[in-house]
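Analysis of the macromolecular model
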Amino acid sequence: MEEIWEMVRQHKNVTVFGCNTCVAVCHQGGNKEAEILASLLRMKATREELEIQFVDSGIERQCEHEFFEKAEGLLQNSEAVLSLACGIGVQFVATKYPKTPVYPALNTTFLGDVIAPGVFTEKCQGCGDCVLGATGGVCPISRCAKRVLNGPCGGSANGKCEISREVDCAWQLIIDRLDAMGKMENYEKLSSLKDWSRDRAGGPRSFKLEDF
Amino acid sequence: MELKTESKLEKIFKSGHLAVTSECGPPRSSDPTHIIEKGRLIKNHVDAVNITDNQTSVTRICSLAACIHLKNEGIEPVLQMVTRDRNRIALQSDLLGAASFGINNVLCLSGDHQSFGDHRQAQNVFDLDSMQLLQTVRHMREEGKFLSGDEIKVPPRFYAGAAANPFGDPFMIRVPRLAKKIAAGAEFIQTQCIYNMDRFEKWMEEVRDRGLDGKVNIMAGITPMRSVGMAKYMKRAVPGMDVPDELIDRLAGVEKKQQAQEGINIAIEQIQRLKEVKGVAGFHVMAIEWEEKVPEIIESAGLYPRPEVD
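Values in this document were obtained by computation on a predicted structure and should not be read as measured data.

Reading the values: the criteria
Position numbers for residues count from 1 along each chain, tracking the sequence in the order it is written. Ligands are numbered from 1 and chains lettered from A, in the order in which they are written. The predicted nature of this model means local features are confined to residues of pLDDT at least 70 and side-chain atom pairs, given and counted, to a pLDDT of 80 or more, with totals for whole chains, interfaces and linings taken over all residues. Hydrogens and water are ignored here; the side-chain numbers use all heavy atoms of the structure. Between two residues, a contact is recorded if the distance between any of their heavy atoms is within 4.5 Å. The term buried area means the drop in 1.4 Å probe accessible area that two parts suffer when joined, counted for both and summed. Salt bridge, as used here, is a side-chain nitrogen of Lys or Arg placed within 4 Å of a carboxyl oxygen of Asp or Glu. The term polar contact refers here to a pair of N or O atoms within 3.5 Å; inside protein, the definition further demands a hydrogen-donor-capable atom paired with an acceptor-capable atom, and it admits residues adjacent in sequence only when both atoms are side-chain atoms. Elements are defined by DSSP. Helices are runs of H or I of four residues or more, strands are runs of E of two residues or more, and each kind is numbered from the N terminus. Amino acids outside the nonpolar list (Ala, Val, Leu, Ile, Met, Phe, Trp, Tyr, Cys, Pro) and the charged list (Asp, Glu, Lys, Arg) are all regarded as polar, and Gly is one of them. By this rule the span expected of a helix is its residue count minus one, scaled by 1.5 Å. Exposure classes here rest on a 1.4 Å probe applied to the protein chains alone. A residue is buried below 20% of its type maximum, exposed above 50%, and partly exposed in between. One number per residue, pLDDT, summarises how confident the predictor is, and it ranges from 0 to 100. Pairing between strands is defined by DSSP: at least two bridges between the two strands are required. Axis angles are defined between N-to-C directions and span 0 to 180 degrees, where every axis is a line fitted to C-alpha atoms and, for a helix, only to the segment in contact. Our angle categories are set so that under 35 degrees counts as roughly parallel, over 145 as roughly antiparallel, 65 to 115 as roughly perpendicular, and the remainder as oblique. Rotating anticlockwise by less than a right angle from the far helix to the near helix defines a left-handed crossing, while the corresponding clockwise rotation defines a right-handed one. Here the nonpolar core consists of buried residues drawn from Ala, Val, Leu, Ile, Met, Phe, Trp, Tyr and Cys, with membership extended through side-chain atoms lying within 4.5 Å.

Turning to the interface of chain B and chain A, a few remarks are in order. Opposite the 33 residues of chain B that make contact, chain A presents 30 residues. Carbon and sulfur atoms supply 52% of the area buried between chain B and chain A, which totals about 2,600 Å² over both sides. On the surface where chain B and chain A come into contact, there are 1 salt bridge. Between Glu188 of chain A and Arg210 of chain B there is a salt bridge whose closest N-O contact spans 2.8 Å. Linking chain B to chain A there are 21 residue pairs in polar contact (both at pLDDT 80 or more). For the side of chain B that touches chain A, the secondary-structure elements that each account for two or more residues are helix H5 (130-143) and helix H6 (174-184) of chain B. Across the side of chain B that touches chain A, the residue classes tally to 14 nonpolar, 9 polar and 10 charged.

Quick look at the structure:
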């Protein structure tokens, strides 16, 4: 909650946006959870004496275009979006609204999106310690060949990765996003050392709801 | 003169001299003769010699062992260290090992992706990135601690370096990225091979505008072209390399057997021009498998004899 608060407190109008499929099944990010999180944030804002409007909403899937229709107006007018989707959904919203800050409400632990019917691309490695709030909604862990947290490496050329001209340089995408949002000052912040114990390095992972 | 380390390179910079370094790639064999011979060729003409760390992801004698061979020859080594192959445990362990042999300089790099090398199926590590390795080197030295927080009784005291590419993409972060490396702890910088002199000077101007030349010692990277073919290849195929057409035309304008000499002439002229650029603190001459030409370049560029600082 503190982590989410630090990301959103700078805004005046945040859409708390649920995703009603995978993460809803996991009881983490459905419309109901969006409603609860928005209430908690409203209370937090009141306690901190900050005027922030938290609108809760949601759609069936944040990883496919067609579901966005009913929320299009709301999202177009949102200053920022706090997404309760998995890391894939957060990145999908970020790609769809290039100038809108999009923050993750979940630390996705384990997963691609469907950029077109039958086309799947890896967007999250389920590393257990989400950095999308700092990287403009583009994940360097899954989308940079070297997983560098302070990129780009010396191999970025014309927006493409050194390993292939077919592969986008994740750090070019991150910088483009930061630039579009007017947040280039974020680029110079050094990223802390990654805690890989929350990734596969900590061994095979599982998740259990205590009171389920 | 307040020195933070035992590094000769640090002494050179702090004495106000232009530093000169070169670079040797270790052999793909357990026979060290080749690297020792290369070291002897350039020993008297440089202040320190970088040893690459499995460059282009091709397996070679490890950088640390090759550095020890050079050290035994009385040469000051710069240990290149990439984060591709080792996690933070192995990196810190190698830093301790290197320090135990009196190696005083480390250049922190991420490393080429393994898909370029001889083991394309390898898993890479990238537990840390190049900036985080810089932070690690400085943390061990300044705090006397491992990343875990445990104390190091005798901490390694490395002079910490990093690479910078004034020509890479995206262009808008070229100077901010240098600032970030300085914030991470870089004390010296070796740049990518410079061919587009105008663009390099423009970069240096922006570096000076932010006052970064006062915070780090920037060594200009020089690689002589051996032929017009090499120049065309570097322009076409090497990411982050900016080779202007006028340089290619100049090499193409001389007879084939004269092209290597013309390449050396160009390198000498580049050094002479860059000596006048405020903020350039030295030169890193990377004569890839052409070490025998390094003395000629350094002498002709007026950087010889090297100053005595010990």
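Turning next to H5 of chain B. Residue and element names in this part refer to chain B. Compared with an ideal rise of 1.5 Å per residue, which puts 14 residues at 20 Å, H5 spans 19 Å between its outermost C-alpha atoms and is within 8% of the ideal. Along H5, the residues classified as buried are Ser130, Met131, Gln132, Leu133, Leu134, Thr136, Val137, Met140 and Arg141. Elements that come into contact with the buried residues of H5 comprise strand S3 (77-82), helix H4 (88-100), strand S4 (105-109), strand S5 (159-164) and H6. Backbone nitrogen of Met131 and a side-chain oxygen of the N-cap are separated by 3.1 Å at the start of H5; the cap is Asp129. Phi turns positive one or two residues past the end of H5, at Gly144, with a value near 65°.

With that settled, consider the confidence of the model for chain B. The share of residues in chain B with pLDDT of 70 or more is 100%, and the mean pLDDT across the chain is 96. Quick note on the complex model: pTM equals 0.91, ipTM equals 0.93.

Next up on the list: the pattern of salt bridges. All names here are of chain B. According to the stated counting rule, one finds 34 salt bridges over all chains in the structure shown. Linking Arg157 and Glu6 is a salt bridge whose minimum nitrogen-to-oxygen distance equals 3.8 Å. Of this pair, Arg157 sits in the loop between H5 and S5 while Glu6 sits in the segment before helix H1 (8-14), and the two are 151 residues apart along the sequence.

Moving on to the sheet that holds S3 of chain B. Residue and element names in this part refer to chain B. Taken in spatial order, the 8 strands close into a barrel running S1-S2-S3-S4-S5-S6-S7-S8, and their pairing is parallel. For this sheet, the mean angle separating the axes of adjacent strands, direction not counted, is 30°. Inspection of the sheet shows strand S7 (residues 217-222) paired to strand S8 (residues 280-285) by 5 bridges, in the parallel sense. Note that in S8 the partner of Met219 across the bridge is Gly282. Packing of helix H3 (residues 63-72) onto the sheet brings it into contact with strand S2 (48-51) and S3, and relative to S3 it is tilted by some 180°. Of the strands in this sheet, S5, strand S6 (188-193), S7 and S8 are in contact with helix H7 (residues 197-209), which crosses S7 at around 175°.

Moving on to the packing of H6 of chain B against H7 of chain B. All names here are of chain B. In contact at an axis separation of 10 Å, H6 and H7 are set at 50° when each is read in the N-to-C sense. Looking at the two axes, H6 sits oblique to H7. H6 and H7 meet at a crossing whose hand is right-handed. Seen from H6, the contacting residues are Arg174, Val175 and Leu178; seen from H7, they are Trp203, Glu206 and Val207. Tallied by class, the residues present in the contact of H6 with H7 amount to 4 nonpolar, no polar and 2 charged.

Ranked by internal contacts, the top residues of the largest apolar core, which has 69 residues, are Leu178, Phe200, Trp203 and Leu274 of chain B. The contacts of Trp203 of chain B, once residues within four sequence positions are left out, are Ala164, Pro166, Arg174, Val175, Leu178, Thr191 and Ile218 of chain B. Cys127, Cys130, Leu132 and Leu149 of chain A belong to the second largest nonpolar core, which has 19 residues in total.

Attention now moves to the packing of H4 of chain B against H5 of chain B. All names here are of chain B. Relative to each other, H4 and H5 sit at 50°, their axes nearing to 11 Å. Considering the angle they form, H4 stands oblique to H5. The interaxial crossing formed by H4 with H5 has right-handed handedness. Between H4 and H5, the contacting residues are Leu91, Gln92, Leu95 and Leu96 on the first element and Leu133, Thr136, Val137 and Met140 on the second. When the residues that make up the contact of H4 with H5 are grouped by side-chain class, the tally is 6 nonpolar, 2 polar and no charged.

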